[in-house]
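# Survey of secondary and tertiary structure
Each chain is listed here by its residues.
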Amino acid sequence: MRLIFTGPPGSGKGTQAKLLSQRLGLVHFSTGDIIRDAIAHGTPEGRRAQAYVHAGQLVPDDVVNDIVNSRLRAPDRPARFIMDGYPRSLGQAESFDALLKELNLPLDAVLFLNVDDGPLIDRLSARWTCPNPTCKATYNTLSKPPRRPGVCDECGTALVQRDDDRPATIRRRLKVFHEGNDELMAHYRRQGLVIDVPGAGDIETIYQNIVSALPRPSPNP
Ligand code: AMP
């Protein structure tokens, strides 16, 4: 099974992608996580991406396409995966289409987790993350609080709020998301791949909605 998973920031896309990857045995490929790691480690890609991420803007297509292409061209590339947060623009989608065609790895579906902006702003301002690079667990003080306030359940590290989860940045990120996503969904709707899933409800309900909407997987090459 090969999926692209899209949805506005704060839609619960990351949580659902993690569940799908664990339960269906797919590699979870999050460009947001990879970029944050690159920034934390001060790599050349991280240095190029830093200002864009902190301003709530998209990182240029060529930087993100390079990250994805080098991972999927590697000999140990995953054949079954869920893309979380990539592609995010028509330019990225066209680059990804060409890569998957070259590798003979057709997509099974593009899932769109749909949530209105109002609840997203509330949810995102409540989001906290574990900064431990080997953990990266996420919490939400409204829907998924840690057992001890401010402390990661998994590893005990003090939780932090991401720079891009501040309200002014959130509004900018939503605007950027809508501008790119309409075009992106039109591209994949033309290929008959889009599945719309309503993103309201608890984590397990949304998960069941997604799984029951998934097509049968295409065979691996
Ligand atoms: P995310 O965790 O997916 O919300 O990503 C956090 C930030 O990383 C975004 O606000 C962008 O600045 C950057 N980013 C992640 N994925 C992409 C992508 N596919 N294209 C451009 N920028 C990205």
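How each quantity is defined
- Residues numbered from 1 in each chain as written.
- Predicted model: local features only at pLDDT ≥ 70, side-chain atom pairs only at ≥ 80, totals over all residues.
- Heavy atoms only, no water.
- Helix = DSSP H or I, 4+ residues; strand = E, 2+ residues; numbered from the N terminus.
- Rg over C-alpha atoms; globule rule 2.2 N^0.38 Å.
- Buried < 20%, exposed > 50% of the residue type's maximum accessible area, 1.4 Å probe, protein only.
- Contact = heavy atoms within 4.5 Å.
- Areas by Shrake-Rupley, 256 points an atom, 1.4 Å probe, with all protein chains shown as cover.
- Lys, Arg positive; Asp, Glu negative; His and termini not counted.
- Charge placed at Lys NZ, Arg CZ, Asp CG, Glu CD.
- Near = heavy atom within 4 Å.
- Polar contact = N/O pair within 3.5 Å; in protein donor to acceptor, adjacent residues only side chain to side chain.
- Nonpolar A, V, L, I, M, F, W, Y, C, P; charged D, E, K, R; others polar.
- Axes fitted to C-alpha atoms, helices over the stretch in contact; angles between N-to-C directions.
- Parallel < 35°, antiparallel > 145°, perpendicular 65-115°, else oblique.
- Left-handed = near helix turned anticlockwise from the far one by under 90°.
- Phe/Tyr/Trp six-rings, centres within 6.5 Å; stacked < 30°, edge-to-face > 60°.

What follows deals with the overall build of the chain. From N to C terminus, the chain includes eight helices and seven strands. Here the C-alpha atoms of the chain give a radius of gyration of 17 Å, agreeing with the 17 Å that 2.2 N^0.38 yields for 221 residues. Considering only C-alpha atoms, the chain reaches an extent of 45 × 40 × 35 Å along its principal axes. Counting the 221 residues in the chain, one finds 45% classified as buried. In the chain, the proportion of contacts linking residues at least 24 apart, taken out of those at least 6 apart, comes to 70%. Of the accessible surface of the chain, which amounts to about 11100 Å², a share of 53% is contributed by carbon and sulfur atoms. Where the 28 positive side-chain charges of the chain centre and where its 26 negative ones centre are 3 Å apart.

On to the environment of Ile170, then. Among the structural elements, Ile170 can be located in helix H7 (residues 167-190). Ile170 gets classed as buried once you look at its relative accessible area, which sits at 0%. Taking the C-alpha atoms as reference points, Ile170 and Gly56, 114 residues apart in sequence, are found 7.2 Å from one another. Once you skip the residues sitting within four places of it in the chain, Ile170 turns out to touch Ile121, Leu124, Ser125, Asp164 and Asp165.

Turning our attention to the side chain of Thr31. Within the fold, Thr31 resides in helix H2 (residues 31-41). For Thr31, a relative accessible area of 3% puts it in the buried group. With sequence-adjacent residues up to four places away left out, Thr31 is seen in contact with Val64, Val68, Asp84, Gly85, Tyr86 and Arg88.

Next up on the list: the site of the ligand. The full set close to the ligand counts 17 residues, and Thr31, Gln57, Val59, Gly85 and Gln92 are the nearest of them. One of the side-chain N or O atoms of Thr31 is found 2.8 Å from a nitrogen atom in the ligand. With respect to the ligand, the backbone of Gln57 contributes an N or O atom lying 2.7 Å from an oxygen atom. For the shell around the ligand, the leading source of residues is H2, giving four residues. Tallied by class, the residues present in the shell around the ligand amount to six nonpolar, five polar and six charged.

Once that is clear, we can look at the packing of H2 against helix H4 (residues 61-73). Between H2 and H4, the least distance of the axes is 11 Å, while the angle of their chain directions is 105°. Put simply, H2 runs roughly perpendicular to H4. The residues of H4 that touch H2, namely those facing Thr31, Ile34 and Ile35, are Val64, Ile67 and Val68. In terms of residue class, the contact of H2 with H4 is built from five nonpolar, one polar and no charged.

As a further point, take the packing of H2 against helix H3 (residues 44-54). The N-to-C vectors of H2 and H3 enclose an angle of 110°; their axes lie 8 Å apart at closest approach. Our classification of the angle between H2 and H3 gives roughly perpendicular. The hand of the H2/H3 crossing is left-handed. Across the interface between the two elements, Ile35, Ala38 and Ile39 of H2 pack against Gly46, Ala49, Gln50 and Val53 of H3. For the contact of H2 with H3, the per-class residue count stands at five nonpolar, two polar and no charged.

To continue, consider the packing of aromatic side chains. Evaluation of the coordinates by the stated rule reveals two aromatic pairs. Geometrically, the ring pair formed by Phe81 and Phe96 is tilted, given 6.4 Å between the ring centres and 55° between the ring planes. Taken together, the positions of Phe81 in strand S3 (residues 81-84) and Phe96 in helix H5 (residues 90-103) put the pair 15 residues apart, joining distant regions of the chain. Relative accessible area serves as the criterion here: at 0%, Phe81 is assigned to the buried category. On the basis of relative accessibility, which here comes to 0%, the residue Phe96 falls in the buried class. Relative to Phe96, the ring of Tyr86 has its centre 5.3 Å away and its plane inclined at 85°; by these criteria the two rings are edge-to-face. Separated by ten residues along the polypeptide, Tyr86 in the loop between S3 and H5 and Phe96 in helix H5 bring together distant segments of the chain.

By themselves, these observations are geometric and do not establish any function.
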